[in-house]
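# Chains, contacts and geometry: an overview
Each chain is listed here by its residues.
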Amino acid sequence: MKAGIVSYGGYVPRYRILPKEIGAVWGVDGEAMGKGLNIRAKSVPGPDEDVITMSVEAARAALKKAPHLDPKDIGAIYVGSESHPYAVKPSATIVAEAIEAAPIMTAADYEFACKAGTAAMQSTMGLTLSDMYRYGLAIGADTSQGAPGDALEYSASAGAAAFVIGKDHLIASIDQTISYTTDTPDFWRREGQAYPSHGGRFTGEPAYFKHVVSCANLLFKRAGTRPEDYDFAVFHQPNGKFPVRVGKMLGFTDKQMDTGLLVREIGNTYSGAIMVGLCAILDIAKPGNRIFAVGYGSGAGSDGFDITVTGGLEEIDRKAGRTMRSMVEDVKFLDYATYAKYRRKIRMREG
Amino acid sequence: MAIPRFWREIPSRYNLVGSKCGNCGTLDFPPRLVCPRCGRRSMGKMERRKLAGRGTVVSYTIIHDAPKDFDMMKPYVLAIVEMEEGLRMTSQVIDVELGDIKIGMPVEVAFRKLGEEGEAGVIHYGYKFRPAR
């Protein structure tokens, strides 16, 4: 008996800012910066949006596609994020109430930089396979912050995705999953700090590439597959450059990677990044398609998934709610001042 | 807002749970314990009823002078929305340009932050509406 995806839903806020707009404020050629990162725009949460609101939107989108799903059958909700609105008080309980899954269930928040959502997918897989409950809800969501003027400010964006994981009514089976984890301090945020810090170029070879490549090779070995066996490939996408390069290193083509590469249009949604990419793939996938997915979280680790789309995909209503493509294309551009206001980068008077 | 007061309202604020009078069938939102039309004849007959979350803009106004919690969003749209079930409610309409909001516009429920008790306090969440897609 395999575990897999029962339904999925994604959410991207409609606000965007262009690299040119950010660069103009800091005396940098933002357009060149955007080209270097392969990011055309990044999403920005509205002033009334945060990880909890986006998680609820994504979870509701997943339930809307699969009317057979009774929220009361969801026995666990795990929300992975590095920008939970509360330091103490779970995002997951609010999501649970908002989708009417509470109270007979368990819930917790996860944090592992950009891979907390995929860690939640693995946890829910294990717990459904052990029959602790029928379905689990794994969410990856972030309203990531980049310090003003820092290179991260051009990519740190907002988005969320939710996957209902179970053993029955599968739209896609997760045939294999494997992780690769080490202590690598490439990116971090200390308690109480508003913005993260990073090791610059150290985030590349010893961090992202080492972990993604190692995890991918372990996954190939365990699944007994090669790149050409897959219709789609999706990797963690901190910018538009790294996932394309790592995909090529592993032997994947642009065609396999194109659908899931949302970072070019919405930036790096951190815990949501690989999961919104997977949502975009599932929006257009056909039964029998195979998907190769490897996430990455700084600190550092990679979670890999070997996924096969099943005939169950035809049983859910993928047209219920908005597709990832329609959300990516529903855009309102902000100037830097409005972006700074929305992201609370402007110091306001108390009271 | 006191924490217990908001906490009691979570079902209606998160999931549009109203009430239906078991005597005359009238729907109310937020939910009532007694039907104002039937009085004591409704007692013990009030049922919880969840609204579907779809409606139409009946009227609207643009708020330029906003209360503190909404200061970041001004100018914004506040509308009276007639729900599919027939009752009306007042709410902010988000993700719409001020020039695009129209009487008769179909809207759907969204989940958003309604406010927060300062930097260290509780965050309140609940419904707003956005153009139906």
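The text that follows walks through the structure, step by step, so that each part is easy to find. (Residues numbered from 1 in each chain as written. Chains lettered and ligands numbered in written order. Predicted model: local features only at pLDDT ≥ 70, side-chain atom pairs only at ≥ 80, totals over all residues. Heavy atoms only, no water.)

## Notes on the sheet that holds strand β11 (residues 232–235) of chain A
Working definition: the strands of a sheet are paired by backbone hydrogen bonds and lie parallel or antiparallel to each other. Residue and element names in this part refer to chain A. The strand order across the open sheet formed by 9 strands is β5-β4-β6-β7-β1-β8-β13-β12-β11, and the pairing between neighbours is mixed. Sheet topology places β5 (106–110) and β11 at the edges, where each strand pairs with a single neighbour. Neighbouring strand axes in the sheet, compared pairwise and without regard to direction, differ in orientation by 20 degrees on average. This element, helix α3 (residues 51–65), spans β1 (4–11), β4 (74–80), β6 (135–143) and β7 (158–166) of the sheet and lies at about 130 degrees to β1. Contacts from helix α6 (residues 204–223) reach β8 (172–184), β11, β12 (290–294) and β13 (299–309) within the one sheet, and its direction differs from that of β8 by about 140 degrees. (Pairing = 2+ DSSP bridges. Helix = DSSP H or I, 4+ residues; strand = E, 2+ residues; numbered from the N terminus. Axes fitted to C-alpha atoms, helices over the stretch in contact; angles between N-to-C directions. Contact = heavy atoms within 4.5 Å.)

## Considering the pairing of β13(A)
Every regular strand shows the same layout, with side chains that alternate between the two sheet faces. Residue and element names in this part refer to chain A. With 10 of its 11 residues buried, β13 lies for the most part within the structure. Sheet analysis places β8 next to β13, joined by 10 bridges and oriented antiparallel. Across the sheet, the residue bridging to tyrosine 180 is serine 302, located in β13. When β12 meets β13, the two strands line up antiparallel, connected through 5 bridges. When the sheet's bridge partners are listed, phenylalanine 292 is paired in β13 with aspartate 306. Between β12 and β13, which pair antiparallel in sequence order, lie 4 residues. (Buried < 20%, exposed > 50% of the residue type's maximum accessible area, 1.4 Å probe, protein only.)

## Here's the deal with a nonpolar patch on the surface
All names here are of chain A. Where nonpolar side chains cluster on the molecular surface, the patch consists of Leu18, Val331 and Phe333 and spans about 230 Å² of accessible area. Structurally, valine 331 is set in the loop between α11 (324–329) and β14 (332–333). Under the relative-accessibility criterion, valine 331 is labelled partly exposed at 30%. (Patch = residues over 30% accessible without salt bridge, like charges linked within 9 Å, V, L, I, M, F, W, Y side chains within 5 Å. Areas by Shrake-Rupley, 256 points an atom, 1.4 Å probe, with all protein chains shown as cover. Salt bridge = Lys/Arg side-chain N within 4 Å of Asp/Glu carboxyl O.)

## Side note on the environment of Lys2(A)
Residues and elements named next belong to chain A. Here lysine 2 lies in the segment before β1. Residue class for lysine 2 comes out partly exposed when judged on its relative accessible area of 43%. Sequence separation between lysine 2 and glycine 166 is 164 residues; the distance between their C-alpha atoms is 8.6 Å. Leaving out residues up to four positions away in the same chain, lysine 2 has contacts with Leu129, Gly166, Lys167, Leu170, Ser173 and Asp175.

## Some words on the interface of chain A and chain B
If you look at the interface, chain A gives 26 residues, while chain B gives 27 residues. Carbon and sulfur atoms make up 47% of the area that chain A and chain B hide from each other, which totals about 2,400 Å². Scanning the region where chain A abuts chain B turns up 10 salt bridges. For Arg344(A), the salt bridge goes to Glu116(B), with nearest N and O atoms at 3.1 Å. The interface formed by chain A and chain B holds 18 residue pairs in polar contact (both at pLDDT 80 or more) in total. Listing elements by their share of the side of chain A that touches chain B, those giving two or more residues are α3, α4 (91–98) and α12 (336–342) of chain A. (Buried area = accessible area lost by both parts, 1.4 Å probe. Polar contact = N/O pair within 3.5 Å; in protein donor to acceptor, adjacent residues only side chain to side chain.)

Limitation: the analysis is restricted to geometry and does not speak to function.
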